[in-house]
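Close look at the chain arrangement
This is what each chain is made of:
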Amino acid sequence: MSENPCPSSAFQAIAIDGPAASGKSTVSRELARKLGFIYVNSGEMYRAVTWAVLKANIDTSDADAVWSFVQALTIDCALTQNAAGERISTVRINGEDPGEELRSPEVNANVSPVASVPAVRELLVARQRDYSQIADIIMEGRDIGSVVFPDTPFKFFVTASEQVREARRRAEGHSDPIAARDKQDSTRKASPLVVADDAVMVDTSTMPIVEVVQLIESQLMEKGLKKRCGCD
Ligand code: DC
């Protein structure tokens, strides 16, 4: 049997980091399908916690108030089968699924300050690492290659120009202050958005998604990733 490229786990973890609206989710979802891996969106965990904080009318700029509220929450991160029969990651807070509210303008505007609270990050990073104990995963986020899975050899930083990313959000019809979020996510003290030293940088500004997926897949094969299905 060939050596496991992720020695700390029986499973393989692929890290996809990058700024808001860089194309990470689309690329990660498609790669997961092609490789037979589970797609995990770590941003949804920060969004779900932010949703709960807002529902409780807590000031998201008050880090102490945020943490004392968050530590008492029951946060369930799981794998569930969707209607199409795919296993997907889900997050419930005190038994509730935030659903579409994860992407509300209020959550968009408040998720960065909540994600900058170090204790919140510690809590969610532990949940993110748990996924790598139960499945082969492709996880997208901001600190996946730098903090969550620093030992994985499979790290990518997906980016695009600010104009392209803003246009993508406008086309989706979402109100999302991406430049402000990027600034806060990149300048916070606790695990800011950085390019991990050994990450492969992919600029999606002018590249169609299908080419981005092909490029990353071929790099993964070169790096010794083992596919989990003969999908395509
Ligand atoms: O990927 P996203 O835009 O849905 O993420 C929402 C926010 O969550 C993002 O602005 C910063 C935070 N986040 C983070 O700090 N670390 C991660 N690994 C993922 C997201």
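Relevant structure appears above.
For clarity, every value in this text was computed on a predicted model and none was experimentally measured. Along each chain, numbering runs from 1 in the same order as the chain's sequence is written. Local features in this predicted model are restricted to residues of pLDDT 70 or higher, and side-chain atom pairs are both shown and tallied only at a pLDDT of 80 or more, whereas totals for entire chains, interfaces and linings draw on every residue. Water and hydrogen atoms play no part in the side-chain values, which are based on all heavy atoms of the structure.

1. Things to note about the environment of Thr74
In this description a helix means any DSSP run of H or I spanning at least four residues, a strand means any run of E spanning at least two, and both kinds are numbered starting from the N terminus. The topology assignment puts Thr74 in the loop between helix H3 (63-70) and strand S3 (75-81). Any residue under 20% of the maximum accessible area for its type is buried, any over 50% is exposed, and the rest in between are partly exposed; the area is computed with a 1.4 Å probe on protein chains only. Of the residues examined, Thr74 reaches a relative accessible area of 43% and is grouped as partly exposed. If sequence neighbours within four positions are ignored, Thr74 has contacts with Arg92, Ile93 and Asn94. Contacts between residues were defined by any pair of non-hydrogen atoms, one from each residue, lying within 4.5 Å.

2. A closer look at the sheet that holds strand S2 (residues 38-41)
Taken together, the five strands give an open sheet; going across it, the order is S2-S5-S1-S6-S7, and neighbouring strands pair in parallel fashion. Only two strands of the sheet have a single partner each, and these edge strands are S2 and strand S7 (200-203). On average, each strand axis in the sheet is tilted by 20 degrees relative to the strand beside it, whichever way the strands run. Two strands qualify as a pair provided DSSP detects at least 2 bridges between them. Where S2 lies against strand S5 (residues 137-141), four bridges are found, and the strand directions are parallel. When the bridges of S5 are listed, Asn41 appears paired with Glu140. Interaxial angle, 0 to 180 degrees, is taken between N-to-C directions of lines fitted to C-alpha atoms, where a helix line uses only the stretch in contact.

3. So, the packing of helix H2 (residues 42-55) against H3
As a packed pair, H2 and H3 sit with axes 10 Å apart at the nearest point and diverge in direction by 105 degrees. Taken together, the axis directions place H2 and H3 in an arrangement best described as roughly perpendicular. Contact residues: Val49, Ala52 and Val53 in H2; Val66, Phe69 and Val70 in H3. Across the contact of H2 with H3, the residue classes tally to six nonpolar, no polar and no charged. Throughout, the term roughly parallel applies to angles under 35 degrees, roughly antiparallel to angles over 145, roughly perpendicular to angles from 65 to 115, and oblique to all others. Side-chain classes are defined by residue name, with Ala, Val, Leu, Ile, Met, Phe, Trp, Tyr, Cys and Pro counting as nonpolar, Asp, Glu, Lys and Arg as charged, and the others, Gly among them, as polar.

4. As for the site of the ligand
Each residue is tested against the molecule or strand, and it is near if at least one of its non-hydrogen atoms lies within 4 Å. Around the ligand, 16 residues are found, and the nearest of them are Arg47, Arg121, Arg181, Asp185 and Arg188. Polar contacts, as counted here, are pairs of nitrogen or oxygen atoms within 3.5 Å of one another; within protein the pair requires one atom able to donate a hydrogen and one able to accept it, and residues that are adjacent in sequence qualify only if both atoms are side-chain atoms. Within the contact set of the ligand, a nitrogen atom lies 3.0 Å away from a side-chain nitrogen or oxygen of Ser42. For the ligand, the protein covers 98% of the area, taking 440 Å² as the surface of the free molecule. When residues of the shell around the ligand are assigned to their parent elements, the largest contribution, four residues, is made by H2. Taken together, the residues of the shell around the ligand sort by class into four nonpolar, four polar and eight charged. Residue-level accessible areas treat just the shown protein chains as cover; the underlying method is Shrake-Rupley with a 1.4 Å probe.

In short, shape yes, function no, at least from these values alone.
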